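Fold and contact review
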Amino acid sequence: MKDLKLFFQDYVAQPLGQEKVYAVFLPLIWQDDQWQILYELRSQAISQPGEVSFPGGRVEEDESFQAAAVRETIEELNVAESVVEIWGEMDYIVYQERTIRCFVGQLKVPDWQSIRPNEEVAHLFTVPVQTLQDNPPVYHTLEATIKTDSAFPFERITGGANYQFSHHNRLIPFYEDLPENIWGMTAQLTHRFVSLWSQTEGK
């Protein structure tokens, strides 16, 4: 028991079931006298083609979350590390086996339209933070159903297939009337950032 006590004194807790770890950068651009968020549209050459995302990707072994976010941003946007200014980390997503950490900061470029991203990015676009404040996302419910003919041992649970499982339904955000279809986790992170931004206004 003494060894076990010493073990837990130094043990670093980890999310159970975590298999994939990602880090993204939410890049703010100061242009046209306002703050804007820069987004990527993923190219047909990678997974989830045609979806809107932030620069980011898998965290490599022995790499910090922030280092991964910076590295992926440099690679995807073809920019120098010196233009990526990390302000800090905001709330992140844990969903099933994935953890997605999100870093916020400024992409210090004179003109974002001069950026020439790599082959993973179809194109870039920006949305003013004020526009996102004025037009919050709509959350839609995605319903899931239980397949009672599966091999899952429902008979071992009180209530069987009628048990109130907590993940039957998911609320998925969608932004309306924007240049591209921002939805899902990118919309969730955007919404949270805008909420935090709104809390700090005037301070």
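Since the structure is predicted, the reported quantities are computational estimates derived from the model, not experimental observations.

Cut-offs applied
Residues numbered from 1 in each chain as written. Predicted model: local features only at pLDDT ≥ 70, side-chain atom pairs only at ≥ 80, totals over all residues. Heavy atoms only, no water. Helix = DSSP H or I, 4+ residues; strand = E, 2+ residues; numbered from the N terminus. Buried < 20%, exposed > 50% of the residue type's maximum accessible area, 1.4 Å probe, protein only. Contact = heavy atoms within 4.5 Å. Areas by Shrake-Rupley, 256 points an atom, 1.4 Å probe, with all protein chains shown as cover. Lys, Arg positive; Asp, Glu negative; His and termini not counted. Charge placed at Lys NZ, Arg CZ, Asp CG, Glu CD. Core = buried A, V, L, I, M, F, W, Y, C linked by side-chain atoms within 4.5 Å.

**A few points about the overall build of the chain**
Per the secondary structure count, the chain includes 4 helices and 9 strands. The order of helices and strands in the chain, counted from the N terminus, is α-β-β-β-β-α-β-β-β-α-β-β-α. Projected onto its principal axes, the C-alpha coordinates of the chain cover approximately 60 × 50 × 45 Å. Residue burial in the chain is summarised as follows: out of 203 residues, 38% are buried. The long-range share in the chain, meaning contacts at least 24 apart out of those at least 6 apart in sequence, stands at 66%. Carbon together with sulfur atoms contributes 49% to the accessible area of the chain, which is approximately 12,800 Å² in total. One finds the centroid of the 15 positive side-chain charges in the chain at a distance of 8 Å from the centroid of its 30 negative side-chain charges.

**Some remarks on the nonpolar core**
Ranked by internal contacts, the top residues of the largest apolar core, which has 26 residues, are Leu26, Leu28, Ile37, Tyr39, Leu132, Ile182 and Phe193. Elements with a minimum of two residues in this core: β1 (20–31), β2 (34–42), β5 (84–95), β6 (98–107), β7 (121–128), α3 (129–134) and α4 (184–200). The leading source of residues in this core is α4, at 6 residues. Not counting chain neighbours up to four residues away, the residues in contact with Tyr39 comprise Val52, Ser53, Phe54, His123, Leu124, Phe125, Val127, Leu132, Ile182, Thr186 and Thr190.

Purely spatial values, then, with no claim about function.
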